[in-house]
Amino acid sequence: MSETIAYPVRSIALSVANLRETLGWTQAELGRRARFSQSFVSRVERALRPDLTFADATRLLEAMGARLTVGVSAPFLADRELQRDPAHARCTSHVAARLERDGWQTASEVEVGGDRSRGWIDILAYHPDHRLLLVIEIKTEIRDLGAIERTLGWHERESWVAARRLGWRPRKVVGCLFLLATEMNEDRISDNRTAFSAGFPIGATELRRIMSNDAPPNGARAMALIDPRSRRQQWLRPSRLDGRPTPAPYVDYADFMRVIDMRRRPPDRRRLG
């Protein structure tokens, strides 16, 4: 890799000149201390050395007691680490398989956004007969409801373009929040009943009708619970907010991970005693 500095040349030129003048040094003095000629220092300070290397810039700055640092401003990457969580992956594959079984076309981790912000829609699902598009956000834990709503809103806006890239031509879009069916998530929903009722007025039962084209979407968002280990035909589970009387199958995220880990682990066939 070349050591040549491109964009930072002007910034370094200004820093060298300002620091030298603050110290009260001449260009010749700085050159002597850094083992460069006065003309070299002059050309650096006037940004006339486009071939300035990191090594030479470091020598100039360190001669004045400064350090050259390089920073990178990373783009916003929405929930990327959370999407690689094993429980999240298990939920995503479960939802996609169920939808495809019902005649939906699906795409997972659909990239959206531009240079400074980049996100991934967990699942984009399209029914060619109904021309309905589901923008699905999957969460194993509820950490920040406001952030969930903002992300889902962004994904809903971007979903039209993303769908066309996939060759889909939707007429309507429904944003969906699917939560891992845990008692902890149920408690968070209950504790924030007003916010969830306003933000996600479509429950699991109504969403099933919408997905079957029995009820037109009303433009609102939907919320349902899911259990990726369940084989029930009605795989969208209502929350207690929708009147579900039975408890969730898992206490929390850790309980779900314990269950799937136990099922993956081979049985211990060693004899006791």
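Residues numbered from 1 in each chain as written. Predicted model: local features only at pLDDT ≥ 70, side-chain atom pairs only at ≥ 80, totals over all residues. Heavy atoms only, no water.

A. Geometry of the packing of aromatic side chains. Per the counting criterion, the structure on display carries five aromatic pairs. Between Phe196 and Phe200, the aromatic rings sit 6.2 Å apart at their centres with planes inclined by 35°, giving tilted as the arrangement. There is no split in this pair, since Phe196 and Phe200 are both buried. Taking 5.0 Å as the distance between ring centres and 80° as the angle between the ring planes, the aromatic pair formed by Tyr250 and Phe256 counts as edge-to-face. Phe256 carries the same exposure label as Tyr250, and that label is buried. In this structure, Arg59 is placed above the aromatic ring of Phe36, and the distance from its NZ or CZ to the ring centre is 4.0 Å. (Phe/Tyr/Trp six-rings, centres within 6.5 Å; stacked < 30°, edge-to-face > 60°. Buried < 20%, exposed > 50% of the residue type's maximum accessible area, 1.4 Å probe, protein only. Lys NZ or Arg CZ within 6 Å of the ring centre and 35° of its normal.)

B. Quick look at the side chain of Glu156. Structurally, Glu156 can be placed in helix α7 (residues 145-165). When neighbours within four sequence positions are excluded, Glu156 is seen to be in contact with Val135, Gly175 and Arg221. (Helix = DSSP H or I, 4+ residues; strand = E, 2+ residues; numbered from the N terminus. Contact = heavy atoms within 4.5 Å.)

C. Here's a closer look at the confidence of the model for the protein. For the protein, per-residue confidence averages 87 on the pLDDT scale, and 87% of positions sit at 70 or higher. When the elements of the protein are averaged for pLDDT, strand β1 (residues 76-77) gives the smallest value, 46, and strand β6 (residues 222-226) the largest, 97. For residues 1-7, every residue scores under 50 in pLDDT, and the model assigns this stretch 13 contacts once sequence neighbours within four places are set aside. (pLDDT = per-residue confidence, 0-100.)

D. Geometry of the pattern of salt bridges. Under the criterion given, the structure shown has 11 salt bridges. Across the pair Arg49 and Asp51 runs a salt bridge whose closest N-O atoms are separated by 3.0 Å. For Arg49, a relative accessible area of 22% gives the class partly exposed. Between Asp255 and Arg258 there is a salt bridge; the shortest N-O distance is 3.7 Å. Of this pair, Asp255 and Arg258 are both found in helix α11 (residues 253-264), three residues apart, which corresponds to roughly one turn of the helix. Take Asp255: its relative accessible area is 16%, and that puts it in the buried class. (Salt bridge = Lys/Arg side-chain N within 4 Å of Asp/Glu carboxyl O.)

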